[in-house]
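Residue-level structure breakdown
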Amino acid sequence: MSTVNGPFTGPPPTLTDGVVTLREIRADDTEALIEYCSDPEMNRWMSFPQPFTRVDADNARQCAETDWSTGERYQFAIEANGSVVGGVNLERQGDRLAEVGYGLIGAYRGRGLMVRALRLILTWGFHQAGIDVVHWQAQVGNWASRRAAWAVGFRVDAAIPGLLEHRGTRVDGWLAALRRNDPLQPVHPWYDSATLMGTTAVLRAADEKDLPRIVEACRDPQTRHWLAALPDDYTQTHARQHLAQMRAEQAAGRGMHWVVADPDDDHLLADLALSIRDLRDPQGEIGYWTHPQARGRGVTTEAVRLAARHGLLPAEDGGLGLSRILIRADVGNIGSRRVAEKAGFAFSGRDRNANLLRDGSRTDHLRFDLLPDELPAVR
């Protein structure tokens, strides 16, 4: 494709990869537009009129035609298997800058169609519409939108407070950018919490039902003594923020988070995270806390073994292919130290005055680590 310098002002083109087709919105798309703009999940993040009527659909189609004629916004219908399944657009924000927006009708989500549509419209925008940079933004919590953006190369570093306006309220948002020559592929992993089965513990993704147990554990005096950063009045709001932060770390390729659950009743027994320091030098660090009712049962030790094995196994064997995993434990935290030792980790050093306790005093951290060739000890 050739690269042009100015906005595209011709009639809407038809773009296809053989599975997904992008085309102009037509008069016979009214029912699909109504379904799209009435979808509850769409309206959770967007501000379409409700109820969305045939008049609203006609107005939306006419606005799309006008925007095409001026080069202000390039709105495509997404078609798959002969049906309209969603929409995608590039809206100009200034000279050679545009913002991408998109959505799918509920029944068509989770099939990879949006990623195909994004690659089509971004390639066209960069090479045929005179666009150098494309921005993507979404409300914090819109994981489906973020995952599609990640799949075509957008990288989110942090949430921006008050970035977006939604139905009259400022809300936090994610913002990322792509340049013309960036590859339309992920630039880092997106980690999902692989379910790991043990005898006394199951490692799984966190769930809303875990919130009360998280609050109980984080209000416990022993937990709070060693984890000085915990808020004084720990609530379910804090627990939700913790889970959201862990999910964001996974989405950014910076680690994996698990709830350690009872194999029989699925109650939360502990919380465990495997953080990855640098994707260019993949080493991990495991951190954990245990619910008071689960202490002394060997649950956390088994959970650490499972997580360490998953982290150190090569990718071709289903692991993360890390070169080393570290555990740091306060010199006085005998329980945490025993977990590291019983899980097969070797003592590797001491960091003096490294840990701040809740009473303001400072103590030493002990380091324990495990290497891939030491995995038989973990098994």
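Description of the overall build of the protein chain
Secondary structure summary: the protein chain contains 11 helices and 16 strands in total. Projected onto its principal axes, the C-alpha coordinates of the protein chain cover approximately 70 × 40 × 40 Å. When burial is assessed residue by residue, the protein chain has 50% of its 379 residues classed as buried. If you take every contact in the protein chain between residues at least 6 apart in sequence, the share linking residues at least 24 apart comes to 62%. Taken as a whole, the protein chain presents about 18400 Å² of accessible surface, with 49% of it coming from carbon and sulfur. On the protein chain, the mean spot of the 44 positive side-chain charges and the mean spot of the 50 negative ones are 4 Å from each other.

Comments concerning empty space enclosed by the protein
Once rolled over the atoms, a probe with the size of a water molecule shows which space is left empty. Enumeration according to the criterion identifies one cavity of 30 Å³ or more in this entry. Here the largest cavity defines a volume of roughly 50 Å³. If you trace the largest cavity, you find it lined by Trp136, Arg146, Ala149, Trp150, Phe154, Arg155, Val156, His188, Trp190 and Ala251. Among the elements that take part in the lining of the largest cavity, helix α5 (residues 143-151) stands out by supplying three residues, more than any other.

Describing the sheet that holds strand β15 (residues 346-356)
As summarised here, the arrangement of the eight strands in space is β9-β10-β11-β12-β13-β14-β16-β15, forming an open sheet in which the pairing is mixed. Looking at which strands have only one partner, the edges of the open sheet turn out to be β9 (196-197) and β15. Taken together, the seven bridges between strand β12 (residues 268-276) and strand β13 (residues 283-290) define a ladder with antiparallel strand orientation. Bridge pairing in β13 places Ser275 opposite Glu285.

Comments concerning the environment of Glu341
The residue Glu341 is located in helix α10 (residues 334-342) in this model. Residue class for Glu341 comes out partly exposed when judged on its relative accessible area of 42%. Along the sequence, Glu341 and Ile325 sit 16 residues apart, while their C-alpha atoms lie 13 Å from each other.

Considerations on the environment of Leu196
For Leu196, the location among the structural elements is in strand β9. A C-alpha to C-alpha distance of 11 Å links Leu196 and Gly319, two positions 123 residues apart in sequence. The contact partners of Leu196, leaving out residues within four places of it in the chain, are Ala201, Val202, Leu203, Trp258, Leu306, Ala307 and His310.

Some points on helix α6 (residues 211-219)
Residue pairs three or four apart in sequence face the same way in an α-helix, which turns once every 3.6 residues. For α6, the complete set of buried residues consists of Leu211, Arg213, Ile214, Val215, Ala217 and Cys218. Tucked inside the fold, the buried residues of α6 contact α7 (221-226), α8 (236-251), β12 and β13.

A look at the pairing of strand β14 (residues 324-330)
Counting buried positions along β14 gives six out of seven residues, so the element sits mostly inside the fold. The parallel pair β13 and β14 is bridged by helix α9 (residues 299-312), and the resulting crossover is right-handed. In the sheet, β14 pairs with strand β16 (residues 362-370) via six bridges, with the strands oriented antiparallel. Residue pairing in the sheet places Ile327 in a bridge with Phe368 of β16.

Side note on the sheet that holds strand β5 (residues 97-104)
Strands sit in the order β1-β2-β3-β4-β5-β6-β8-β7 across an open sheet of eight strands; the sheet is mixed. Each of the sheet's edge strands pairs with one partner strand only, and the pair in question is β1 (15-16) and β7 (159-166). Relative to strand β8 (residues 169-179), β7 runs antiparallel, the two being bridged by five bridges. Bridge pairing links Glu165 to Arg170 in β8. Here helix α4 (residues 113-128) sits on the sheet in contact with β1, β2 (20-23), β3 (73-80), β4 (83-94), β5, β6 (133-139) and β8, set at roughly 35 degrees to β4.

A few points about the environment of Gly360
Here Gly360 shows up in the loop between β15 and β16. Considering only alpha carbons, one finds Gly360 and Val100, 260 residues apart in sequence, at a separation of 48 Å.

Brief notes about the packing of aromatic side chains
Think of a pair of aromatic rings as described by two things: how far the centres are apart, and how the planes are tilted against each other in angle. All chains considered together, the criterion is met by 15 aromatic pairs. Between the aromatic rings of Phe8 and Tyr74, the centroid separation amounts to 6.4 Å while the plane-to-plane angle is 80 degrees, which identifies the pairing as edge-to-face. Placement of the pair is Phe8 in the segment before β1 and Tyr74 in strand β3, with a sequence separation of 66 residues. Ring geometry for Phe347 versus Phe368: centroids 5.9 Å apart, planes at 70 degrees, classification edge-to-face. Taken together, the residues span a long stretch of sequence, with Phe347 in strand β15 and Phe368 in strand β16 at a distance of 21 residues. Its relative accessible area of 53% is what places Phe347 among the exposed residues. Assessed through its relative accessible area of 2%, Phe368 is described here as buried. Through a chain of ring-to-ring contacts, the aromatic side chains of Phe8, Trp68, Tyr74, Phe76 and Trp124 assemble into a single cluster. Over the face of the ring belonging to Trp174 we find Arg146, whose NZ or CZ atom lies 4.7 Å from the ring centre.

Here's the deal with the nonpolar core
Core analysis: the biggest nonpolar cluster contains 46 residues, and Leu22, Leu122, Trp136 and Phe154 have the highest contact counts within it. If you tally residues by element for this core, the top one is α4, at 10 residues. When residues no more than four places from it in sequence are discounted, the contact partners of Leu22 are Pro13, Thr14, Leu15, Phe76, Ala77, Ile78, Val88, Ala117, Leu120 and Ile121. Listed in part, the 36 residues of the second largest apolar core include Trp258, Tyr288, Ala308 and Leu366.

Parameters and conventions
Residue numbers run consecutively from 1 along every chain, following the written order of its sequence. Given that this is a predicted model, residues contribute local features only at a pLDDT of at least 70 and side-chain atom pairs are listed and counted only at 80 or more, while totals for whole chains, interfaces and linings are drawn from all residues. Values reported for side chains reflect all heavy atoms of the structure, with hydrogen atoms and water molecules removed beforehand. Secondary structure elements are taken from DSSP: a helix is a run of H or I of four residues or more, a strand is a run of E of two residues or more, and numbering for both begins at the N terminus. Relative accessibility thresholds used throughout: buried, under 20% of the residue-type maximum; exposed, over 50%; partly exposed, between the two (1.4 Å probe, protein chains only). Any two residues having at least one pair of non-hydrogen atoms within 4.5 Å are treated as being in contact. All accessibility values rest on the Shrake-Rupley procedure with a 1.4 Å probe; residue burial counts only the protein chains present in the view. The charged-residue count follows a simple rule in which Lys and Arg add positive charge and Asp and Glu add negative charge, with His and chain termini not counted at all. Note that the charge is assigned to NZ on lysines, CZ on arginines, CG on aspartates and CD on glutamates. A cavity here means a set of 1 Å grid points, computed over protein atoms only, where a 1.4 Å probe fits but cannot escape. A pocket is an open set with protein on both sides within 12 Å along at least 5 of 7 lines, and lining residues have an atom within 4 Å of a point. Grid points are joined across faces, edges and corners, and a volume is the space filled by probe spheres set on the points. Pairing between two strands requires that DSSP report at least two bridges joining them. When the strands point away from the viewer and the path from the first strand over the helix to the second turns clockwise, the crossover is right-handed. Between N-to-C directions, angles cover 0 to 180 degrees, with each direction set by a line fitted to C-alpha atoms, over the stretch in contact for helices. Between 30 and 60 degrees the pair is tilted, below 30 it is stacked and above 60 it is edge-to-face, where a pair is any two Phe, Tyr or Trp rings, Trp via its six-membered ring, whose centres lie within 6.5 Å. Either the NZ atom of lysine or the CZ atom of arginine qualifies as a charge over a ring when it sits within 6 Å of the ring centre and within 35 degrees of the ring normal. The set of buried Ala, Val, Leu, Ile, Met, Phe, Trp, Tyr and Cys residues whose side-chain atoms join them within 4.5 Å is what this entry labels a nonpolar core.

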